[in-house]
Amino acid sequence: MIDPAIAFAMAEQAFQAANARPGPEAYFRIAGKVMALKFADAALATKLLPAFAHLEALEQTTADLTICCWNDFSNGVEMPEWTGEAGVHGLQYIDGPVRMAWEIEQRSLQAYDPNRRLALFYTPNVSELATWEQGAPFRQILHWWSAGLLGLQLVHGAAVGTEEGGVLLIGRSGAGKSTQALACVGSQLGYAADDYCLLELGPAPRVHSLYGSGKANEASIAMLPRLAEAFRASPIDQQGKSVIFIAEHAPEAMLRSFPLRAIVLPEIVSGSSCRAEVLSTGEALRAVAPSTLLQLPGDRAQSLARLSSLVRRLPCWRLYVGNNPRAAQPILEAIIASEATQESLSAMKPAS
Amino acid sequence: MRYQLNDHDVVSEVLDGEAIVIHLKSGTYYSMLASGADIWNGLLAGFSVDEIASRLTRGVDSERARIVDETTKFASELVSEGLIIAIDADTARPLDDFEPAAEFKTPELQKYTDMQELLLVDPIHEVTDAGWPLRDTIGK
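Residues numbered from 1 in each chain as written. Chains lettered and ligands numbered in written order. Predicted model: local features only at pLDDT ≥ 70, side-chain atom pairs only at ≥ 80, totals over all residues.

### Overview of the overall build of chain A
For the record, the criterion: Counting from the N terminus, the helices are the DSSP runs of H or I reaching at least four residues and the strands are the DSSP runs of E reaching at least two. Every radius of gyration here is taken over C-alpha atoms, with the globule rule written as 2.2 Å times N^0.38, N being the number of residues. To sort residues by exposure, count the other C-beta atoms lying within 10 Å of each residue's C-beta; 20 or more gives buried, 12 or fewer gives exposed, and values between give partly exposed, all with C-beta atoms placed from the backbone. Whether two residues are in contact depends on their C-beta atoms, placed from the backbone: they are in contact if these lie within 7 Å.
Regarding its fold elements, chain A presents 12 helices and 19 strands. In terms of overall dimensions, chain A is globule-like: its C-alpha atoms have a radius of gyration of 20 Å, near the 20 Å expected for 352 residues. By its C-alpha atoms, chain A is 65 × 45 × 40 Å across when sized along the principal axes. A buried classification covers 51% of the 352 residues belonging to chain A. Of the contacts formed within chain A by residues at least 6 apart in sequence, a portion of 71% connects residues at least 24 apart.

### As for the overall build of chain B
Check the secondary structure of chain B and you find 4 helices and 7 strands. N-terminal to C-terminal, the α/β element order of chain B is β-β-β-β-α-α-α-β-β-α-β. When the 140 residues of chain B are sorted by exposure, 31% land in the buried category. Counted over contacts in chain B with a minimum sequence separation of 6, partners at least 24 positions apart contribute 66%.

### Let's talk about the sheet that holds strand E2 (residues 10–15) of chain B
Residues and elements named next belong to chain B. The line we're drawing: A pair of strands is considered paired only if DSSP assigns at least 2 bridges between the two. A fitted line through C-alpha atoms serves as each axis, taken over the contacting stretch for helices, and the angle formed by two N-to-C directions is quoted from 0 to 180°.
Read across the sheet, 4 strands follow the order E2-E3-E4-E6 without closing on themselves; strand pairing throughout is antiparallel. Each having just a single partner strand, E2 and strand E6 (108–112) make up the two edges of the open sheet. In this sheet, adjacent strand axes meet at a mean angle of 20° when their direction is disregarded. Examined bridge by bridge, E2 and strand E3 (residues 18–23) share 6 bridges and lie antiparallel to one another.

### Concerning unusual backbone geometry
Residues and elements named next belong to chain A. In this model, alanine 31 sits at a positive phi of 50°, which is unusual for a non-glycine residue. By the secondary structure assignment, alanine 31 is in the loop between strand E1 (25–30) and strand E2 (33–39). We classify alanine 31 as buried; it has 21 C-beta atoms within 10 Å. A positive phi angle, close to 60°, is found at phenylalanine 138, a residue other than glycine. Among the secondary structure elements, phenylalanine 138 is positioned in the loop between helix H3 (131–135) and helix H4 (139–147). Owing to 24 C-beta atoms within 10 Å, phenylalanine 138 belongs among the buried residues under this scheme.

Right, dumping it as structure tokens:
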């Protein structure tokens, strides 16, 4: 056993050795902050950068967060090996001066030192990098980083809207939030996220896009004619999902940030019609908090308090969606325009 | 008997008369309704079941026995779910004041297990300050 801070230092040393001849760097603005990505291996940059291609790219500058990335092919450096009990898939250390998460089978590491705002990302073999990791890289690190900043919260949710305002689509995996968000591509509503985004809390909450990716299984792809060709040209992962980067196929649809007007919980129903009804704050918190907290270890009491404060402040709706998610767009637009009442939405005819 | 939150494994929030409680180790989450949220608030504030029942009784003595009984059962259920831990009643003192928000109604504990698969698919060992388990070292 060693002190987790020493384990962090060992991993950092491995990166420094791997990056002895520095590889590519990229700088992006997220929620007004600067994220620097340093890659010891160009192939790793090729895999991980597309998820951020829609963000504002910056010249080299002082960063609020630096993520150092490497793999076994970076300069031939060996990574320390960590182990765990049989049957355990991962190790995590989340309550000390550093944060670490190690996936035993995949031998991948995400680690963060909040004092230096320095993060480490290691994966052994770039060619075996999971598609979900390429679609939403550094999720753990971005959670730890944002948790340490006043008023930011990474959330499990999709987001669509316009520059003037939008909604957060919440719910557990499979609830329909990705499909609903992707169905907005090509409509009046822009796209900011299908699974994870950053919330800026405070009196005027905002959504900040993190990833420009979208993922869908075959059933969802059938409901997404605008993106079906792109999805079908992408490899299918073990969960039967394909990942694409929206900026490559519909760059005009991407939104980096917008004021958050409401929270919407989609629920898939039979038929093609859509309708909405008011959702209680308790139901909204139950839909967004467990899935966010259980996927993002660390700072959970604070995360729950932040999400609770958000659902108290914003209108919350349940959106019943049939087999044509595009039919829900007028309802979403009315909710975003803050013109929605239970009566007005009940009377609204869905778009064909 | 007094109790405290199992704060290593559990987080909670109370909003609009509903307590939402998440057990981070099991992936189970709970909704406490009716007087459930009041009892939860009282227990976390350090009040005993008797003290909470007295406040919920609001001077209607004919109801007291039933309220004590239902509050006791509710607290036992919370203990068996691993949400609260019994502590030494002699040394513990209430931490905050506590006043029920509403008249007594039989507490309800709704249990949701639909997120457990997230943890079952990907079991994680949480490392403490005792140490990070090193197998090999760099260059070995």
